[in-house]
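Residue-level structural notes
Residues per chain, in single letters:
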Amino acid sequence: MEIIEKVKDMQAYSQDLRVEGKVITFVPTMGYLHEGHLSLMREGRKRGDVLVVSVFVNPTQFGPGEDFQKYPRDFERDNKLMESVGVDVVFYPSAEEVYPEDYQTYVTVEEVTKNLCGISRPHHFRGVATVCAKLFNCVLPHIAIFGRKDYQQLKVIEKMVKDMNMDVGIIGMPIVREPDGLAMSSRNEYLDKKERKAALCLYSAILAVREQFENGERRVGALMDRAVGIIMDEELATIDYVKLAHPEAISDLVGVVWDRALLALAVRIGKTRLIDNTVLGEEFEKC
Ligand code: AMP
C-alpha cells in the first residue's frame, strides 16, 4: 500500500494508471475508520483495478466552534484497516497542501444544500463540495463511493458532478450499523456509556416511523410526530432537526407522502451531534 502526500504526486500516479487503462475507484474519508468506511472500500475494490482512499480532515467543512480540532485521528490504525481490505493507495495530504496560502475558490451547490444540515451548519456543504471537487482533481477517479449515512452529502456530490460535467461515477452505499442499530460514525467515539445507550433513540425513531409507514400512515405530520416523540422521550437527546424531505430535492415534504420520503434526523446526545436517516418507501437493511 502506497501513501502519497503531495497533490502533484497523486495526479502523476493516477495519470499513469489512466494511460495503462486501469479503472480507478476512490473513497474519500476523514479517517478514524470503521466498518462503514470499510464497506465502501470493499465495494471500490470490486468495481475497479486500483483503489485509492483519501484520509483528510477537511477544515473548510467545519464551522466555528465545531469539532475540527478534537475530531478523532489515528493514522496508524487506519493504515492497518485499509491494508486489510486491499487499498492500493492512501492519499494523505496536509491542510496546507490542499489549501495553500491565498486559497480562494469554493464550490457552492445551491438548492440541495439549503435544508437539513445546511441550516444548522451553514458553510458545511460548501466545504464538502469544494474538497470533493479538489480530491477528484487529484485522484482522477472513474468511480467515487460515498455512504448513505450522509445522505444529503451524497445528493450534493451527485448534483455537483452532474452540474459541473465531472466525469466521475458516484455510487451510494447503505448505512452500516452497530449490532444494536446505532449508525457507525467516527463521532460515536465521543459518547460515554450513558450517551451511547441514549443514542439508540435515533434508530428507535427510524424503526417506529418505518413501521407506521408500512402500516399505511402517509401523513407527514403524523410520521414526524412519531419520530419527535421517541427522541424527546430520551432525556439526554436534543433535536437539531427531524424532517421528512423529498429524497432527491431535499425539500420539506408537506401534507402526505405520495411515493418515497427521506426521514432525516440530527440529534445532539449530550454535546455530540449525530445524524441518521432512512428512505421510507425503499427497502431497509435491518441490522
Ligand atoms: P467521513 O469519514 O465521516 O467523512 O465518511 C467518509 C465516507 O464514509 C462518507 O461517504 C460517509 O457517508 C461514509 N460513512 C460514514 N459512516 C458510514 C456508515 N455508518 N455506513 C456507511 N457509510 C458511512
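A short tour of the structure in this document, coming up.

About the cut-offs
- Residue numbers here run from 1 along each chain, matching the order of that chain's written sequence.
- Two thresholds apply to this predicted model, a pLDDT of at least 70 for residue-level local features and 80 or more for giving and counting side-chain atom pairs, whereas whole-chain, interface and lining totals are computed over all residues.
- Excluding hydrogens and water, the side-chain values take into account all heavy atoms of the structure.
- Remark: nonpolar core denotes a set of buried residues (Ala, Val, Leu, Ile, Met, Phe, Trp, Tyr, Cys) joined through side-chain atoms within 4.5 Å.
- Only protein chains enter the area calculation, which uses a 1.4 Å probe; residues under 20% of their type maximum are buried, those over 50% are exposed, and those in between are partly exposed.
- Each helix is a run of H or I in the DSSP string that is no shorter than four residues. Each strand is a run of E no shorter than two, and both are numbered from the N terminus.
- What makes two residues a contact is simply this: any of their non-hydrogen atoms within 4.5 Å.
- Note: two strands are recorded as paired if DSSP finds a minimum of 2 bridges between them.
- Near, as used in this document, describes a residue that has one of its heavy atoms within 4 Å of the molecule or strand being considered.
- Pairs of N or O atoms within 3.5 Å make up the polar contacts considered here, provided that, within protein, one atom can donate a hydrogen while the other can accept it, and that residues adjacent in sequence are counted only when both atoms are side-chain atoms.
- Note on areas: these come from Shrake-Rupley sampling with a 1.4 Å probe, and a residue is covered only by the protein chains present in the view.
- Three classes are used, and their members are as follows: Ala, Val, Leu, Ile, Met, Phe, Trp, Tyr, Cys and Pro are nonpolar, Asp, Glu, Lys and Arg are charged, and the others, Gly among them, are polar.
- In this scheme, a helix's expected span is set at 1.5 Å multiplied by one less than its residue total.
- We call a crossover right-handed when, viewed with the strands running away from us, the connection from the first strand over the helix to the second turns clockwise.
- Orientation is described by axes fitted as lines to C-alpha atoms, over the contacting stretch for helices, and by angles from 0 to 180 degrees between their N-to-C directions.
- Each reported salt bridge corresponds to a side-chain nitrogen of Lys or Arg within 4 Å of a carboxyl oxygen of Asp or Glu.

**Notes on the nonpolar core**
Val-52, Phe-91, Phe-136, Ile-157, Met-160 and Ile-170 are the most contacted members of the largest nonpolar core, which has 45 residues in total. With ten residues, the single largest contributor to this core is helix H6 (residues 124-139). With sequence-adjacent residues up to four places away left out, Met-160 is seen in contact with Val-107, Val-109, Ala-129, Cys-132, Ala-133, Phe-136 and Met-166. Listed in part, the 28 residues of the second largest apolar core include Leu-191, Ala-198, Val-242 and Leu-274.

**Quick word on the pairing of strand E9 (residues 272-280)**
Counting buried residues along E9, nine of its nine residues qualify, which places the element largely inside the surrounding structure. Judged by which residues are buried, E9 turns out to be covered on both faces: Thr-272, Leu-274, Asp-276, Thr-278 and Leu-280 on one side and Arg-273, Ile-275, Asn-277 and Val-279 on the other are all buried. As paired elements, strand E8 (residues 261-269) and E9 share nine bridges and run antiparallel to each other. In the sheet register, Ala-266 faces E9, and the bridge partner there is Ile-275. Counted between consecutive antiparallel strands, the loop separating E8 from E9 contains two residues, among which Gly-270 sits at a positive phi close to 60°.

**Observations concerning the site of the ligand**
Around the ligand, the surrounding shell holds 17 residues, and the nearest of these are His-37, Gly-147, Asp-150, Val-176 and Met-184. Within the contact set of the ligand, an oxygen atom lies 2.9 Å away from a backbone nitrogen or oxygen of Met-30. Here a nitrogen atom of the ligand sits 2.8 Å away from a polar atom, N or O, in the main chain of Met-184. About the coverage of the ligand: the protein hides 93% of its 490 Å² of free accessible area. Breaking the shell around the ligand down by element, the ones donating at least two residues are strand E2 (24-29), helix H2 (35-47) and strand E5 (143-147). Per element, the largest residue contribution to the shell around the ligand is three residues, and it comes from H2. Of the residues in the shell around the ligand, the class split is nine nonpolar, six polar and two charged.

**A short note on H2**
With 13 residues, H2 extends 18 Å between its outermost C-alpha atoms, agreeing within 8% with the 18 Å of an ideal straight helix rising 1.5 Å per residue. Buried within H2 we find Gly-36, His-37, Leu-38, Ser-39, Leu-40, Met-41, Glu-43 and Gly-44. As for H2, its buried residues are in contact with E2, strand E3 (50-55), helix H3 (75-84), E5 and strand E6 (169-173).

**Quick look at the pairing of E5**
Among the five residues in E5, five count as buried, and that is most of the element. Neither face of E5 is open: one carries Ile-143, Ile-145 and Gly-147, the other Ala-144 and Phe-146, and all of them are buried. Alignment of E2 against E5, held across two bridges, turns out to be parallel. Within the sheet, the bridge partner assigned to Thr-25 lies in E5 and is Ile-143. Sheet topology note: the E5/E6 ladder contains five bridges and is parallel. Residue Ile-145 lies in a different strand from E6, and its bridge partner there is Ile-171. Considered for its hand, the β-α-β crossover made up of E5, helix H7 (residues 151-163) and E6 is right-handed.

**Description of the sheet that holds E8**
Overall, antiparallel pairing links the three strands, which are arranged E7-E8-E9 in an open sheet. Edge strands, defined here as strands with exactly one partner in the open sheet, are strand E7 (237-245) and E9. Geometrically, the sheet is characterised by an average inter-axis angle of 10° between neighbouring strands, direction not taken into account. In this fold helix H10 (residues 220-232) packs onto E7, E8 and E9, with an angle of close to 160° to the strand it touches most, E7.

**Quick notes on the pattern of salt bridges**
One pass over the structure, following the stated rule, counts 20 salt bridges. Note that Arg-47 and Glu-43 form a salt bridge whose closest N and O atoms lie 2.7 Å from each other. Separated by four residues within a single helix, Arg-47 and Glu-43 lie in helix H2, roughly one turn from each other. Its salt-bridge partner being Asp-163, residue Lys-159 comes within 2.8 Å of it at the nearest N-O pair. Residue Lys-159 and its partner Asp-163 are both found in helix H7; the two are separated by four residues, about one turn of the helix. Here Lys-159 falls in the partly exposed class, since its relative accessible area comes to 30%. By relative accessible area, Asp-163 is classed as partly exposed at 48%. One salt-bridge network, in which partners are shared between bridges, spans Arg-148, Lys-155, Glu-158, Glu-248, Arg-260 and Glu-282.

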